[in-house]
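One-letter residues, chain by chain:
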Amino acid sequence: MTIKCIPILKGYKMSYVRPVSPDEHLSYLYKHMEVDTERKLENFNGRRKISVYRGKDYMNKITQKLDTDPPMTLIRQMRNVGTKEEPKLATQVINLTVPKADILLFFDHIGDSLKGITLNLFRRDFEPVKKNYANFAELKADKWFMDVLGKLTKRKLI
């Protein structure tokens, strides 16, 4: 006995949902959110909260780690380098805040970490530090910075 399979949807074209990248989603939110508003994106498991804040010509993506010791907040500030109708967000500043310090990374060219980064490190009871790096690879290769970052976050990074 043979079984013959008959396609039920013969001639029917399947439509597929195209995955949306996180950057496309942020651009969509930038376009459709009111100025000076905040929208929560994630707080599913109580371990971290992610939200976005829409300013006049920028958007901040705020990630808070709730269950880490120490608690940390990472803010990615993005500027619109596209048009009002077709926004394209590019990173300008990355800010990591821990209880005893603030680390700010300024991109010399908005959206391009390969063309220079300026580090500003503010630690409690220490002089502020300002250093320039050619790119992220050079920043990660700086043993002094990685040691300080490891102590501030209580993690072994090297």
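Conventions adopted
- Residues numbered from 1 in each chain as written.
- Predicted model: local features only at pLDDT ≥ 70, side-chain atom pairs only at ≥ 80, totals over all residues.
- Heavy atoms only, no water.
- Helix = DSSP H or I, 4+ residues; strand = E, 2+ residues; numbered from the N terminus.
- Buried < 20%, exposed > 50% of the residue type's maximum accessible area, 1.4 Å probe, protein only.
- Contact = heavy atoms within 4.5 Å.
- Areas by Shrake-Rupley, 256 points an atom, 1.4 Å probe, with all protein chains shown as cover.
- Pairing = 2+ DSSP bridges.
- Axes fitted to C-alpha atoms, helices over the stretch in contact; angles between N-to-C directions.
- Salt bridge = Lys/Arg side-chain N within 4 Å of Asp/Glu carboxyl O.
- Phe/Tyr/Trp six-rings, centres within 6.5 Å; stacked < 30°, edge-to-face > 60°.
- Polar contact = N/O pair within 3.5 Å; in protein donor to acceptor, adjacent residues only side chain to side chain.
- pLDDT = per-residue confidence, 0-100.

**Quick look at the overall build of the chain**
Move 1: The helix and strand inventory of the chain stands at 3 helices and 8 strands.
Move 2: Beginning at the N terminus, the succession of helices and strands in the chain can be written as α-β-β-β-β-β-β-β-β-α-α.
Move 3: With 158 residues in all, the chain has 32% of them scored as buried.
Move 4: Summarising the internal contacts of the chain: among those between residues at least 6 apart in sequence, 24% fall at separations of at least 24.
Move 5: With an accessible surface of roughly 11600 Å², the chain has 55% of that area assigned to carbon and sulfur atoms.

**Re the sheet that holds strand β3 (residues 58–65)**
Through backbone hydrogen bonds, the strands of a sheet pair up, either in parallel or in antiparallel fashion.
Move 1: Reading across the sheet, the 8 strands line up as β1-β2-β3-β4-β5-β6-β7-β8 and stay open at both edges, with antiparallel pairing between neighbours. The open sheet has two edge strands, β1 (37–42) and β8 (129–133), and neither has a second partner. Each adjacent strand pair in this sheet contributes to an overall mean axis angle of 20 degrees, direction not counted.
Move 2: Here β1 pairs with strand β2 (residues 48–54) via 5 bridges, running antiparallel. Bridge pairing in β2 places Glu 38 opposite Tyr 53.
Move 3: Running over the sheet, helix α1 (residues 22–32) touches β1, β2, β3, β4 (72–80) and β5 (89–98) and is turned about 125 degrees from β3.

**Here's the deal with the pattern of salt bridges**
Move 1: Inspection of the entire model under this criterion finds 7 salt bridges.
Move 2: Across the pair Lys 115 and Asp 112 runs a salt bridge whose closest N-O atoms are separated by 3.9 Å.
Move 3: With a shortest N-O distance of 3.3 Å, Asp 142 and Lys 131 are connected by a salt bridge. With a gap of 11 residues between them, Asp 142 in the loop between α2 (136–141) and α3 (143–153) and Lys 131 in strand β8 connect regions that are remote in the sequence.
Move 4: Taking relative accessible area as the criterion, Asp 142 reaches 16% and is therefore assigned buried.

**Regarding the side chain of Asn 120**
Move 1: Of note, Asn 120 is situated in strand β7 (residues 112–123).
Move 2: Apart from the residues lying within four places of it in its own chain, the contact partners of Asn 120 are Asp 102, Ile 103, Leu 104, Phe 106, Val 129 and Lys 130.

**Some words on the packing of aromatic side chains**
Within a pair of aromatic rings, the relevant descriptors are the distance that separates the centres and the angle that separates the planes.
Move 1: Counted under the stated rule, the structure contains 2 aromatic pairs.
Move 2: Both rings, one in Tyr 53 and one in Tyr 58, keep their centres 6.3 Å apart while their planes meet at 45 degrees; by these two values the pair is tilted.
Move 3: Taking the centre distance of 5.9 Å and the plane angle of 75 degrees together, the rings of Phe 107 and Phe 136 count as edge-to-face. Pair noted here: Phe 107 is in strand β6 (residues 101–109) and Phe 136 is in helix α2, with a separation of 29 residues, a long-range link.
Move 4: Overall, the relative accessible area of 27% leaves Phe 136 in the partly exposed class.

**A short note on the environment of Glu 38**
Move 1: For Glu 38, the position within the fold is in strand β1.
Move 2: Sequence spacing of Glu 38 and Val 52 is 14 residues, and the spatial spacing of their C-alpha atoms is 5.6 Å.
Move 3: Contact partners of Glu 38, with chain neighbours within four places excluded, come to Met 33, Ser 51, Val 52 and Tyr 53.
Move 4: For Glu 38, the side chain forms a polar contact with the side chain of Ser 51, separated by 3.0 Å.

**Some words on the confidence of the model for the chain**
Move 1: Overall, the predicted model of the chain reaches an average pLDDT of 87, with 89% of residues at or above 70.
Move 2: Looking over the chain, one finds the lowest element-wise mean pLDDT in α1, namely 88, and the highest in β8, namely 96.

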